[in-house]
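# Coordinate inspection notes
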Amino acid sequence: MTPIEPNLVRNETSSAPKSQSMPPPNINNALPSELLLQVFDSIYVEKTQPMPRTAFAAGPRTYPLLNAMLVCRTWHDLIVASPQYWTSVNIWIGGPYDPWLGETERTRKREAERIMLERRLKRSGELPFQVNIESNSDVDLELIFDCLRSQEHRWQALDLFPTHISASVYRSQLTSLFSTPLSCLTSLRVGPFWAWMESGSTKRTWFWVDAPNLCALSCESNFVIPHSTSSLKFLSLTFVFPLFLEPRVGEPRVELGGLIELRILHCDAMPILSIFFTPNLCRLVVRGVPRSSPPPGSLAQYQHLKELQCADGGPPEHFHILAPLCPNITSFANYVVGLEEESLTEAKHREISSPVILREQSAFRVNKGRAKCLWPKLEEILLSSATCAEITELTDALPSVHG
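Residues numbered from 1 in each chain as written. Predicted model: local features only at pLDDT ≥ 70, side-chain atom pairs only at ≥ 80, totals over all residues. Heavy atoms only, no water.

Before going further, it helps to spend a moment on the overall build of the chain. Across its full length, the chain carries 13 helices and 18 strands. Every one of the 403 residues in the chain was classed for burial, and the buried ones make up 43%. Across the chain, every contact between residues at least 6 apart in sequence was considered, and the portion connecting residues at least 24 apart equals 67%. (Helix = DSSP H or I, 4+ residues; strand = E, 2+ residues; numbered from the N terminus. Buried < 20%, exposed > 50% of the residue type's maximum accessible area, 1.4 Å probe, protein only. Contact = heavy atoms within 4.5 Å.)

Shown next, in the form of structure tokens:
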């Protein structure tokens, strides 16, 4: 038997540990940072889109890229060093009040929250950012406002919502927060806070905001009035009753020359329509409540209105008043598109009847066979429910509707 040469044994034994000690494949070696950033961009954009709002905040939200940051040090450092991933700040102040927590500990906790907020704002550099504030504490809210005031020139979107039904904020806090020009602000949503007045009582209120580039405004229970409305395209009002807000301002007249869409939900719609001048309105959504005040003497026609959504759950006179004012609409719905489930729930609790659009004799049934129709350009009708006979009757009365 031929002996094995010593140098071959040495080569084989020395090569074995090398093959066994080879590191496992690393995704960071396969994907350059540019591709990783594209993946992070997609996740971040998806998870920082404005959320549909109910009356109250549901709870704290985690940082959109938290899971990615926990994968490895490389991903963590890459995200922290990228200002574009810190342009959405979520602040949730919703923990229950702890009577056993001493003032020193409470102060220490607020200081930690302030430091964390300032750190996040610093990471975004000088990029515009959006802020989502959900709070039940006017004391902690004042701390948040103090941190944000130094960055007012970078606010692009602001959501301010309570965490429960009795959450309150001092009206002076709101007026102070919005007292300086917000040149970057394009979107503002304010939820149903109770406002502490100078008299010591809590009321629903209104306040001014100086945001010349504000494009979208949503108000719930309280009313925000922009000093400049030239850029405003979208306005949504929910449970807002302007004539009952404090302090009383009479009946203001607000010009909204650039407004494209107006949504009035669970409000006394007619007084609101009477205080707004909206010559270029294209979409009107009305889901009213029984009138608490007499209808206005006259409303201007909406010559540019193309889409009307007038929910049957509201007073039928809303349809009766609005129908003649919209001669050029191409689409009508007897419910709020996007809130179909709420419409079905309401229908279960009221007597089922034919759509208001059919019950209003002066609007459509008498137009059958006439040369002139109330809505000659109507092409689409969306009904929450209707029988085959009702649909046939409607299409006969409105031949412009597409089958």
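Okay, the sheet that holds strand β7 (residues 202-203) next. On the basis of which strands lie adjacent, the open sheet formed by 3 strands has the order β4-β6-β7 and mixed pairing. The sheet is open, and its two edges are formed by β4 (168-170) and β7, each paired on a single side. Of the pairings in the sheet, the one linking strand β6 (residues 194-196) to β7 comprises 2 bridges and is antiparallel in character. Within the sheet, the bridge partner assigned to W196 lies in β7 and is T202. (Pairing = 2+ DSSP bridges.)

Moving on: helix α13 (residues 388-397). Every buried residue of α13 is listed here: E390, L394 and A397. Burial along α13 is one-sided: seen end-on, the buried residues are contained in an arc of 65°. The exposed residues of α13 that point more than 90 degrees off its buried face are C388 and A389. (Arc of directions from axis to C-beta.)

Here S274 lies in helix α9 (residues 269-275). Within polar-contact distance, the side chain of S274 engages the backbone oxygen of P271 at 2.6 Å. (Polar contact = N/O pair within 3.5 Å; in protein donor to acceptor, adjacent residues only side chain to side chain.)

Core analysis: the largest hydrophobic core is formed by 76 residues, its most contacted members being I133, L188, F276, L308, F332 and W375. Per-element accounting of this core gives the leading share, 6 residues, to helix α7 (residues 138-149). In contact with F276, not counting residues within four places along its chain, are F223, L235, L237, R253, V254, L256 and L262. In this structure, Y44, Y63, W75 and W86 belong to the second largest nonpolar core, which totals 12 residues. (Core = buried A, V, L, I, M, F, W, Y, C linked by side-chain atoms within 4.5 Å.)

Tallying each qualifying case throughout the model produces 12 aromatic pairs. Ring centres of F40 and W75 lie 5.5 Å apart, and the angle between their planes is 75°; on these two criteria the pair is classed as edge-to-face. Here F40 is found in helix α3 (residues 33-47), whereas its partner W75 is found in helix α5 (residues 73-80), with 35 residues between them in sequence. The exposure class assigned to F40 is buried, which follows from its relative accessible area of 2%. Ring centres 5.5 Å apart and planes at 40° place the aromatic pair F332 and W375 in the tilted group. Of the two residues, F332 is situated in strand β17 (residues 331-333) and W375 in the loop between α12 (356-359) and β18 (380-382); the sequence distance between them amounts to 43 residues. (Phe/Tyr/Trp six-rings, centres within 6.5 Å; stacked < 30°, edge-to-face > 60°.)

Another aspect to go through is the packing of α3 against α5. The geometry of α3 relative to α5 is characterised by a closest axis approach of 11 Å and an angle of 70° between their N-to-C directions. For the element pair α3 / α5, the angle class is roughly perpendicular. In this structure, α3 uses S33, L36, L37 and F40 to contact α5, whose residues at the interface are W75, L78 and I79. Class assignment for the residues of the contact of α3 with α5 results in 6 nonpolar, 1 polar and no charged. (Axes fitted to C-alpha atoms, helices over the stretch in contact; angles between N-to-C directions. Parallel < 35°, antiparallel > 145°, perpendicular 65-115°, else oblique. Nonpolar A, V, L, I, M, F, W, Y, C, P; charged D, E, K, R; others polar.)

Turning next to unusual backbone geometry. At S221, a residue that is not glycine, the phi angle is positive and equals roughly 75°. For S221, a relative accessible area of 7% puts it in the buried group. Despite not being glycine, F239 has its phi angle at roughly 55°, a positive value. As for its position among the elements, F239 is in the loop between β11 (234-238) and β12 (254-255). Note on F239: relative accessible area 41%, which makes it partly exposed.

So yeah, pure geometry; function would need other evidence.
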